[in-house]
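Coordinates in review
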Amino acid sequence: MIKAAVLGATGYAGAELVRLLVGHPDVEIVYLASHSYAGKKFSDIYPGMRSVVDTVLSEDNIVKAADSADVVFLALPAGIASGSVTDEILKKAKVIDLGADFRLHDKAVYEKWYKTEHRGEGLLPEAVYGLPEIHRSEIAGARLVANPGCYTTCSILTLYPLLKNGLIETGMIVIDAASGVTGAGRGEKVTSLFCEVDETMKAYGVTTHRHTPEIEQELSIAAGFPVLVQFTPHLVPMNRGILSTCYAKLKNGAGEEDVAAAYAMYGGEKFIRIVPSPPETRYVKGSNTVDIGYSIDARTGNIVAMGAIDNLVKGAAGQAVQNMNILFSLDEAAGLDVASASTF
């Protein structure tokens, strides 16, 4: 059995991770921590887990976690992991960081967008961006995995085949994305109150959202040269889900057959479905699945590519479990239900 520790276990992503790990056939949870609720039972915070996970929560302590576990999951705010993860920690346990501290390759880019100091620059070269469908082989040999964000996972996977195969112009790629409210985290904020989000939809982080450089980094790798995107996120009144609608100009000569052949790269992937109609968040809710669809506009010469995920599963906890499975040479789908929680 793989011994697992989760720091930040009572946030939305951390709690979803606990839910998935407790049902994993090859995992034993040995350490759960929460700065806000140390000393209380996990099931006191999430009563649905009574008699399932009654573990008393410890204070966040990565040293103690690494001493007792084979893998340490960090579901912590930006800026904490970079000062906590060290080479000594990585000699004891593998680390999967659900936060942003090791996703960006460049310390300066991280500090510009996150407005906080990065204290672990020495580990950036070995951190692997944990998007399995693109970086599976690198993940398999890693000690430190940077689990991607939700908007980024959805947007990158939706656009990656088009850039990898040189099918679209890169002068103006537009990503218009929408998220459920859990993407804002469990902390108390006026902007996340029910009355503030119900019956409305709003854009936020316009031109400044922190996931922008992460998307650009991975799409630039796909293209082989620097790529800029215009990324605008929106908050919609639902609990879960990400829908990314991506617009780009097809290169002259590129058509339906070329696009279909490009997306065929996902043919063997367990968690990606190429769907014939525009994807919907309800059909991936509770699953680790990405639904991707596209439509070519002959009138404008544009392609509209769309992706849908559950932001807490493929956009966070499920992807972290998928990465763990790869790290320990398990079935990649172990502990992850393929089916959506919604059939209508």
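That block above? That's the structure.
Here goes a summary of the coordinates provided. (Residues numbered from 1 in each chain as written. Predicted model: local features only at pLDDT ≥ 70, side-chain atom pairs only at ≥ 80, totals over all residues. Heavy atoms only, no water.)

1. Some words on the overall build of the chain
Test applied: A run of DSSP states H or I qualifies as a helix once it reaches four residues; a run of E qualifies as a strand once it reaches two. Both are numbered from the N-terminal end. The size measure is the radius of gyration over C-alpha atoms, and the globule rule it meets is 2.2 Å times the number of residues to the 0.38 power. Each residue gets one of three labels from its accessible area relative to the maximum for its type: buried under 20%, exposed over 50%, partly exposed in between, using a 1.4 Å probe on protein chains only. Contacts between residues were defined by any pair of non-hydrogen atoms, one from each residue, lying within 4.5 Å. Using a 1.4 Å probe, accessible areas were evaluated by the Shrake-Rupley method; residue-level cover was limited to the displayed protein chains.
Along its length, the chain carries 12 helices and 13 strands. Here the chain has a C-alpha radius of gyration of 19 Å; the compact-globule value for 344 residues is 20 Å, and the two agree. Counting only C-alpha atoms, the chain reaches 60 × 45 × 40 Å along its principal axes. When the 344 residues of the chain are sorted by exposure, 53% land in the buried category. Within the chain, residue pairs in contact and separated by at least 24 positions form 71% of the contacts whose partners lie at least 6 positions apart. Here the chain displays about 14,800 Å² of accessible surface, and carbon together with sulfur accounts for 52% of that area.

2. Focus on the side chain of Gln-217
Rule in force here: Any pair of nitrogen or oxygen atoms within 3.5 Å is treated as a polar contact; in protein, a donor-acceptor pairing is required on top of that, and neighbouring residues in sequence qualify only through side-chain atoms on both sides.
With respect to the helices, strands and loops of the structure, Gln-217 is situated in helix α10 (residues 212–223). Side chain to side chain, Gln-217 and Glu-218 meet in a polar contact 3.0 Å long. Setting aside chain neighbours within four positions, we find Gln-217 in contact with Arg-103, Leu-104, His-105 and Tyr-129.

3. As for the nonpolar core
Let me state the cut-off plainly: Think of a nonpolar core as a cluster: buried Ala, Val, Leu, Ile, Met, Phe, Trp, Tyr and Cys residues, connected wherever their side-chain atoms sit within 4.5 Å.
Core analysis: the largest hydrophobic core is formed by 40 residues, its most contacted members being Leu-162, Leu-163, Ile-173 and Ile-175. Among the elements of the structure, α8 (150–164), β7 (173–179), α10, β9 (229–235), β10 (242–249), α11 (256–263), β12 (290–297) and β13 (302–309) are those that each provide at least two residues to this core. Sort the elements by how many residues they give to this core and α8 lands first, with nine residues. Setting aside residues up to four positions removed in sequence, Leu-163 forms contacts with Ile-168, Thr-170, Ile-173, Leu-219, Ala-222, Ala-223 and Val-227. Core analysis: the second largest hydrophobic core is formed by 35 residues, Val-27, Ala-142, Ala-316 and Ala-333 among them.

4. Some thoughts on the pairing of strand β2 (residues 27–33)
Applied cut-off: Strands are labelled as partners when DSSP assigns at least two bridges between them.
With six bridges joining them, strand β1 (residues 2–7) and β2 adopt parallel strand pairing. Counted as the bridge partner of Lys-3 is Glu-28 from β2.

5. Comments concerning the pattern of salt bridges
Any two side chains of opposite charge can pair, on the condition that their charged atoms come close. Worth spelling out the cut-off: Whenever a carboxyl oxygen of Asp or Glu lies within 4 Å of a side-chain nitrogen of Lys or Arg, that contact is scored as a salt bridge.
On inspection of all chains with the given rule, the structure shows 16 salt bridges. In this structure, Glu-133 engages Lys-314 in a salt bridge whose closest nitrogen and oxygen atoms are separated by 3.0 Å. Pair noted here: Glu-133 is in helix α7 (residues 132–140) and Lys-314 is in helix α12 (residues 313–327), with a separation of 181 residues, a long-range link. Lys-314 carries the same exposure label as Glu-133, and that label is buried. The residue Arg-273 makes a salt bridge to Asp-291 at a minimum N-O spacing of 2.6 Å. Taken as a pair, Arg-273 in strand β11 (residues 272–274) and Asp-291 in strand β12 lie far apart in primary sequence, 18 residues in all. Owing to a relative accessible area of 36%, Arg-273 belongs among the partly exposed residues under this scheme. Judged by its relative accessible area of 4%, Asp-291 is buried.

6. Comments concerning the sheet that holds β7
Read from one edge to the other, the open sheet built from seven strands follows the order β8-β9-β7-β10-β13-β12-β11, with strand pairing classed as mixed. Edge positions in the sheet fall to β8 (202–203) and β11, since each has one partner strand and no second. Relative to β9, β7 runs parallel, the two being bridged by seven bridges. When the sheet's bridge partners are listed, Ala-177 is paired in β9 with Pro-233.

7. Let's talk about the sheet that holds β2
An order of β2-β1-β3-β4-β6-β5 is seen for the six strands of this open sheet, with the pairing classed as parallel. At either end of the open sheet lies a strand with only one pairing partner, and these are β2 and β5 (128–129). Sheet topology places β5 next to strand β6 (residues 144–146); two bridges connect them, and they run parallel. Of the residues in β6, the one forming a bridge with Tyr-129 is Ala-146.

8. Brief notes about the environment of Ala-223
Positionally, Ala-223 belongs in helix α10. The exposure class of Ala-223 is buried, given its relative accessible area of 19%. Along the sequence, Ala-223 and Ser-137 sit 86 residues apart, while their C-alpha atoms lie 19 Å from each other.

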